[in-house]
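Observations on the model geometry
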Amino acid sequence: MAEAGYTTTETEIIKQEVKHYEQVRAEVKLASGDYIDLKAYEPAMRHLIDTYIGAEESEIISAFDDMTLIQLIVERGANAVEALPKGIKQNQEAVAETIENNLRKVIIDQQPTNPKYFDKMSTLLNELIQARKAASQDYKAYLQKIVELSKQVAQPSRSSQYPQSLNSPAKRALYDNLNQDEALALAINDTIRQTKKDGWRGNKIKEREVKNAIKKYLDSPEDCDRIFEIVKSQSEY
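The following paragraphs examine the structure supplied in this document.

Here is what the cut-offs are and how they apply
Residues numbered from 1 in each chain as written. Predicted model: local features only at pLDDT ≥ 70, side-chain atom pairs only at ≥ 80, totals over all residues. Heavy atoms only, no water. Salt bridge = Lys/Arg side-chain N within 4 Å of Asp/Glu carboxyl O. Helix = DSSP H or I, 4+ residues; strand = E, 2+ residues; numbered from the N terminus. Buried < 20%, exposed > 50% of the residue type's maximum accessible area, 1.4 Å probe, protein only. Phe/Tyr/Trp six-rings, centres within 6.5 Å; stacked < 30°, edge-to-face > 60°. Lys NZ or Arg CZ within 6 Å of the ring centre and 35° of its normal. Expected span 1.5 Å × (residues − 1). Contact = heavy atoms within 4.5 Å. Polar contact = N/O pair within 3.5 Å; in protein donor to acceptor, adjacent residues only side chain to side chain.

**With respect to the pattern of salt bridges**
- The final tally for this structure, using the stated rule, is seven salt bridges.
- As a salt-bridge pair, E100 and R132 come within 2.7 Å of each other at their nearest N and O atoms. Here E100 is found in helix α5 (residues 92–110), whereas its partner R132 is found in helix α6 (residues 115–133), with 32 residues between them in sequence. In this structure, E100 and R132 share a single accessibility class: buried.
- When the shortest N-O distance is used, the salt bridge between K232 and E207 registers 3.5 Å. Taken together, the positions of K232 in helix α12 (residues 221–232) and E207 in helix α11 (residues 204–215) put the pair 25 residues apart, joining distant regions of the chain.
- The exposure class of E207 is buried, given its relative accessible area of 15%.

Printed below as a string of structure tokens:
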């Protein structure tokens, strides 16, 4: 900086401005939920750095110890607010909007796996937001309710009373989207497992086999297409 003609005072001012706007940028990304989750790539990135660049000992680079904000809320409850950046946690409205935006992002991301369930979660979130904006509940009560909703979104198996036979996310998704018909959900799950072939997604012939297996249980073509899309989104299939 000195070589570029800046005085010591000017250099320090610029450094402080850079630091400030970096913090603002991080806070805006977190508050809006508009960020890329790099946790899945961090181990591989660290391995490449350690192997080929000779980096120093690994350091934690995730702001929440490798957890998203919603995971942190599920883990720590309302105390998770203390992990938020200073510029957010000092403002109750900013905290509320940050949690709501991040929760909305999780709901949108998970919605294809179980439309019925996550549509319900979206409705509950909207009601909670409206109640907060109407100032119909105090901040502590709001935090408690948003924590409970976060747990329902992150851990569907613990938030609803499912029959014991529905012991996987795919079975529960079928159950929720088939009018809670346990027998039908189990039957379709079994036939999918028996029918699907390796690498069936993206292969028209293999996909048609799975869809035809589903058709045996559903009369409506619309219902068949809807359930097929849900099945495609399940990682266990």
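After that view, the rundown keeps rolling.
**Thoughts on the packing of aromatic side chains**
- Enumeration according to the criterion identifies three aromatic pairs in this entry.
- Measuring from centroid to centroid gives 5.2 Å for Y117 and F118, while their planes differ by 85 degrees, and the two rings are edge-to-face. Residue Y117 shares its accessibility class with F118, and that shared class is buried.
- In this arrangement the basic side chain of R132 is found over the ring face of Y142, its NZ or CZ atom lying 5.9 Å from the centre.
- Positioned over the ring face of Y162 is R172, at 5.9 Å from the centre of the ring.

**A look at α5**
- Taking 1.5 Å per residue, 19 residues should reach 27 Å; α5 reaches 27 Å between its end C-alpha atoms and fits that length.
- For α5, the set of buried residues is V95, A96, T98, I99, E100, N102, L103 and I107.
- Next to the buried residues of α5 lie α1 (8–32), α3 (69–76), α4 (86–89), α6 and α7 (139–154).
- The N-capping residue of α5, defined by a side-chain oxygen 2.9 Å from the backbone nitrogen of E93, is N91.

Everything listed here is a matter of coordinates, which is why it stays silent on function.
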